[in-house]
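Architecture and fold: a report
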Amino acid sequence: MSLTMIGLLGIAVLMVVLFLTATPVAFAMAVVGFLGFCCVVSFDAAVNMVGSVLWATFSKYDLTVIPLFILMGQIVFYSGINEKLYHAAYNWVGHIRGGIAMATVLACSAFAAICGSNTATAATMSTVALPQMKKYGYNPKLSTGSVAAGSTLGVVIPPSVVLILIGLSTEQSIVKLFYGGFGAGLVLTLMLVATIYIICSIKPQWGPVGEKVDFKTKVKSLSGAGEMVLLFLLVIIGLYAGFFTPAEAAAAGAFIALIIALVRKQMPIKQFIKALKDTLRASCMVMMIVAGAMIFGKFLAVTRLPYNIADWVATLAVSKTVVLLIIFGIYIIGGMIMDALALLIITIPIFFPIATGLGYDPLWFGVTITVITTLGAISPPVGAVTFVVASVAKDVKMKDVFKGVSIFIPAYILCVLLLMAFPKIATLLPSLLK
Amino acid sequence: MIKVLDKIDFVLRKILVSTAAIALMVILFMTCANIVLRRLGYPLQGTFELTGLFGAVVAAAALGYTQKKKENIAVDILVNHLPKPLRILASISNDAFSAAFSILASWQIAKIGLRHIASGEVTETLRIIAYPFIFITAAGFASLGFVFIIDLFKNFAPKGEQQ
């Protein structure tokens, strides 16, 4: 059997193990990668490879950015800043038709900018925004849909664990990916807000107007969220100016978030312990996926499968746009049945060389597939974010929540089309970096 | 039997999670201190090296705890629709393979630590021993393997003892 066939067989076995035994993705990749390496090289080499890869991965300085950014997000999450962000957004746009749903999306994007997790954003924003929209008679489909769609911004707007992992697995600058994600996140936010505007223009009863507040109250409400805006600016500008490495920016961000929470007396010790435990769990999960992917990647590398596929695709008599659309299609379908993080980690070694081989900008490709896989977080049957929103909105049927999020799907598609038509959306800001 | 194993696992996990939490706080404060001191012209020597070593402790020491809380991402979309006997079979194979891999990983990482001791290897910048960090990482994987083994036993236990 040729090495390429062994590589393909390895992927097939991985899929069988993943879907038929529900083995955690990290262990499935590690076990299949280990067994594949045994077949291609030798048992002794595979055993040594496992030990050295795991130790090298776990002790890698670059990867400490993951627990530190997660800690920053958890501290912000447990300090209750989401309410302040929501009220600031509500005071500014709540008085227009569909304004409270728009405020929800804007608050989600602001919270995502410091949190980085879409499920944490969904959990917090559902609690804050859904009762408010219910009070003003918003249609449950619009209210739950706007929270779920807004929450997906957590993985597009930096700091984002998904972007960090793409950076690490494709050896790209995490800082540049963050800036690329910033542009795409901004466009996606505008698309989501525009969707609400259009829906409320067609069905005005779906998003009644909220209370109008005077200018003084509007300005005053900003002060509550000001520290978090400063925190975000510190991290982003610190990275831009080269003042911090990504891990240092994450540590500084977590430290300042902790100080803010302590000064505001919003971080009792019990909450802090919860934040630490959540951070450890999420970090371990991500690190183990990275380690599993590294082992599986070693196996793929010895079979030369990614390079052979990239070479084969380059010889196909179809336009590169068609190939790209096929890849995007796989990501859309894959995102519906798998977690975005796992899907990206498994597929990047295959698709990244193809995309770059076809001449696409690596940074643009990384950002665009991040936007595409966020769709999976809200679409059935996996749709983790939708389930989080539905678990808070107990009086709304699950099918109505899914109907609500489906309203926003054209916004994602339009965002991807805009990224394809105007790649500068993702590449302009990173190109300005020193 | 399972209750005893659960208790041992609980104590082990508590020690390891506390170790991971302390390591995380060390990284946080050390990195922040280095940012400030570097600006003042007195960078903390070996910060990158220590961050990597403590980072390994953060990620590995809570592995068992993470699995106990079922935090590791799995694709259960098909398995949830399988008949119960097949679901149990899937669970057994999942737990058995994962336990075997975790124990193999723990042993191989511990071997790296033993090699460090035998050769007297020290880190490049600070010239300190790294094997305590390596052994904690190995312990993290052992704890993970232990969690999978307990889960494996639970598949065969009477209904009342499974929780």
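Only a predicted model underlies this, so the values are computations on that prediction, with no experimental measurement involved. Position numbers for residues start from 1 in each chain and track the written sequence from start to end. Chain letters and ligand numbers both follow the written order, the letters beginning at A and the numbers at 1. It should be noted that, the model being predicted, local features are given only for residues of pLDDT at least 70 and side-chain atom pairs only at 80 or more, the latter also being counted only at that level, while totals for whole chains, interfaces and linings use all residues. Note: side-chain values were computed over all heavy atoms of the structure, leaving out hydrogens and water.

**Some remarks on the overall build of chain B**
Note on conventions: DSSP H or I runs of at least 4 residues are helices, E runs of at least 2 residues are strands, and numbering of each starts at the N terminus. Counting secondary structure elements, chain B contains 5 helices and 0 strands. Start at the N end of chain B and walk to the C end: the helices and strands fall as α-α-α-α-α. Our radius of gyration is a C-alpha quantity, and the globule rule it is checked against amounts to 2.2 Å times the number of residues to the power 0.38. A compact globule built from 163 residues would reach a C-alpha radius of gyration of about 15 Å, whereas chain B, at 20 Å, exceeds it by more than 25%. The principal-axis extents of the C-alpha atoms in chain B amount to approximately 65 × 35 × 30 Å. In chain B, which comprises 163 residues, the share counted as buried stands at 49%. Here, Shrake-Rupley sampling with a 1.4 Å probe gives the accessible areas, and only protein chains in the shown set may cover a residue. With an accessible surface of roughly 8200 Å², chain B has 68% of that area assigned to carbon and sulfur atoms. The charge count includes Lys and Arg as positive and Asp and Glu as negative, but it does not include His or the ends of the chains. Note that the charge is assigned to NZ on lysines, CZ on arginines, CG on aspartates and CD on glutamates. Across chain B, the centroid of the 16 positively charged side chains sits 4 Å from that of the 10 negatively charged ones. With a 1.4 Å probe rolled over the protein chains alone, any residue whose accessible area is under 20% of its type maximum counts as buried; one over 50% counts as exposed, and the rest are partly exposed.

**Quick look at a nonpolar patch on the surface**
Together, Trp312(A), Leu316(A), Val318(A), Val322(A), Ile326(A) and Ile330(A) give the surface a local cluster of nonpolar side chains, amounting to about 540 Å² of exposed area. Val318(A) gets classed as partly exposed once you look at its relative accessible area, which sits at 45%. Each patch groups residues whose relative accessible area exceeds 30% and which form no salt bridge, using 9 Å between like charges and 5 Å between nonpolar side chains of Val, Leu, Ile, Met, Phe, Trp and Tyr. Salt bridge, as used here, is a side-chain nitrogen of Lys or Arg placed within 4 Å of a carboxyl oxygen of Asp or Glu.

**A look at helix 15 (residues 305–315) of chain A**
All names here are of chain A. By the burial criterion, the buried members of helix 15 are Leu305, Pro306, Ile309, Ala310 and Val313. The buried residues of helix 15 occupy an angular sector of 130° when the element is viewed end-on, so they sit on one face. The outward face of helix 15, more than 90 degrees from its buried face, is lined by the exposed residues Trp312, Ala314 and Thr315. At its buried positions, helix 15 is contacted by helix 1 (3–21), helix 14 (269–303), helix 16 (320–337) and helix 17 (340–357). It is the directions from the helix axis to the C-beta atoms whose arc is reported. Contacts are assigned to residue pairs with any non-hydrogen atoms lying within 4.5 Å of each other.

**Examining unusual backbone geometry**
That bond from Pro158(A) to Pro159(A) is cis: its omega, -5°, falls within 30 degrees of zero. The residue Lys70(B) is not glycine, and still its phi comes out positive at about 55°. Mapping Lys70(B) onto the fold places it in the loop between helix 3 (63–68) and helix 4 (84–119). Of note in this structure, Arg127(B) is not a glycine but carries a positive phi near 55°. Within the fold, Arg127(B) resides in the loop between helix 4 and helix 5 (131–154). Judged by its relative accessible area of 55%, Arg127(B) falls in the exposed class.

**Observations regarding the interface of chain B and chain A**
With 57 residues of chain B in contact, the opposing surface of chain A contributes 52 residues. Defined here as a combined quantity, buried area equals the accessible surface (1.4 Å probe) lost by two parts on assembly, summed across both. Overall, the association of chain B and chain A removes approximately 4900 Å² of surface from exposure, summing both partners, and the carbon and sulfur fraction of that is 81%. Looking only at chain B, the three residues that lose the most surface to chain A are Ile73(B), Val75(B) and Phe101(B), adding up to 15% of its buried area. Scanning the region where chain B abuts chain A turns up 2 salt bridges. When the shortest N-O distance is used, the salt bridge between Arg38(B) and Glu248(A) registers 2.6 Å. Within the residue set of the side of chain B that touches chain A, elements represented by two or more residues are helix 1 (2–39), helix 2 (47–61), helix 3, helix 4 and helix 5 of chain B.

**With respect to the pattern of salt bridges**
Evaluated as defined, the whole model comprises 9 salt bridges over all chains. When salt bridges that share partners are traced, they join Asp6(B), Asp9(B), Arg13(B), Lys68(B) and Lys154(B) into one network.

**A few points about the nonpolar core**
Ranked by size, the top nonpolar core spans 219 residues in total, and within it Leu54(A), Phe58(A), Ile66(A), Tyr331(A), Phe365(A) and Phe101(B) carry the most contacts. The biggest single contributor to this core is helix 14 of chain A, with 18 residues. Once you skip the residues sitting within four places of it in the chain, Phe365(A) turns out to touch Leu324(A), Ile327(A), Phe328(A), Tyr331(A), Phe351(A), Phe352(A) and Ala355(A). What is meant by a nonpolar core is a set of buried Ala, Val, Leu, Ile, Met, Phe, Trp, Tyr and Cys residues, joined one to another through side-chain atoms within 4.5 Å.

**Examining the packing of helix 16 of chain A against helix 17 of chain A**
Residues and elements named next belong to chain A. Inter-axis angles, ranging from 0 to 180 degrees, are taken between N-to-C directions of lines fitted to C-alpha atoms, where helices are fitted over the stretch in contact. Viewed as axis vectors pointing N to C, helix 16 and helix 17 meet at an angle of 175°, and their least axial separation amounts to 12 Å. Regarding the angle of helix 16 to helix 17, the classification is roughly antiparallel. Between helix 16, through Val323, Ile327, Ile330, Tyr331, Gly334 and Gly335, and helix 17, the contact on the second element is made entirely by Leu343, Leu344, Thr347, Ile348, Phe351 and Ile354. A per-class count over the contact of helix 16 with helix 17 returns 9 nonpolar, 3 polar and no charged. Small angles under 35 degrees read as roughly parallel and large ones over 145 as roughly antiparallel, with 65 to 115 read as roughly perpendicular and the rest as oblique. Residues are grouped as follows: Ala, Val, Leu, Ile, Met, Phe, Trp, Tyr, Cys and Pro are nonpolar; Asp, Glu, Lys and Arg are charged; every other residue, Gly included, is polar.

**So, the confidence of the model for chain B**
Confidence of the predictor at the level of single residues is given by pLDDT, which spans 0 to 100. Looking at chain B, the pLDDT average stands at 91 and 97% of residues meet or exceed 70. Taken together, the chains of this predicted complex give a pTM of 0.83 and an interface ipTM of 0.93.

**Overview of the packing of aromatic side chains**
All names here are of chain A. Note on aromatic pairs: the rings of Phe, Tyr and Trp (six-membered ring only in Trp) are paired at centre separations within 6.5 Å, and the planes decide the class, stacked below 30 degrees, edge-to-face beyond 60, tilted for the rest. As enumerated under the stated definition, the model contains 18 aromatic pairs over all chains in all. Summarising the aromatic geometry, the rings of Tyr90 and Tyr136 are spaced 6.3 Å apart at their centres and angled 45° between planes, so their arrangement reads as tilted. In this pair, Tyr90 is assigned in helix 5 (residues 81–93) and Tyr136 in the loop between helix 7 (118–135) and helix 8 (140–151), connecting sequence segments 46 residues apart. Tyr136 shares its class with Tyr90; the two are buried. Seen in terms of ring centroids, Tyr331 and Phe351 are 5.6 Å apart; in terms of plane orientation they differ by 65°. Their pairing is edge-to-face. Here the residue Tyr331 occupies a position in helix 16, and Phe351 occupies one in helix 17, the gap between them amounting to 20 residues. Among the residues examined, Tyr331 registers a relative accessible area of 1% and is labelled buried. The class for Phe351 is buried, based on a relative accessible area of 12%. Of the aromatic side chains, those joined through ring pairs into one cluster are Phe328, Tyr360 and Trp364.

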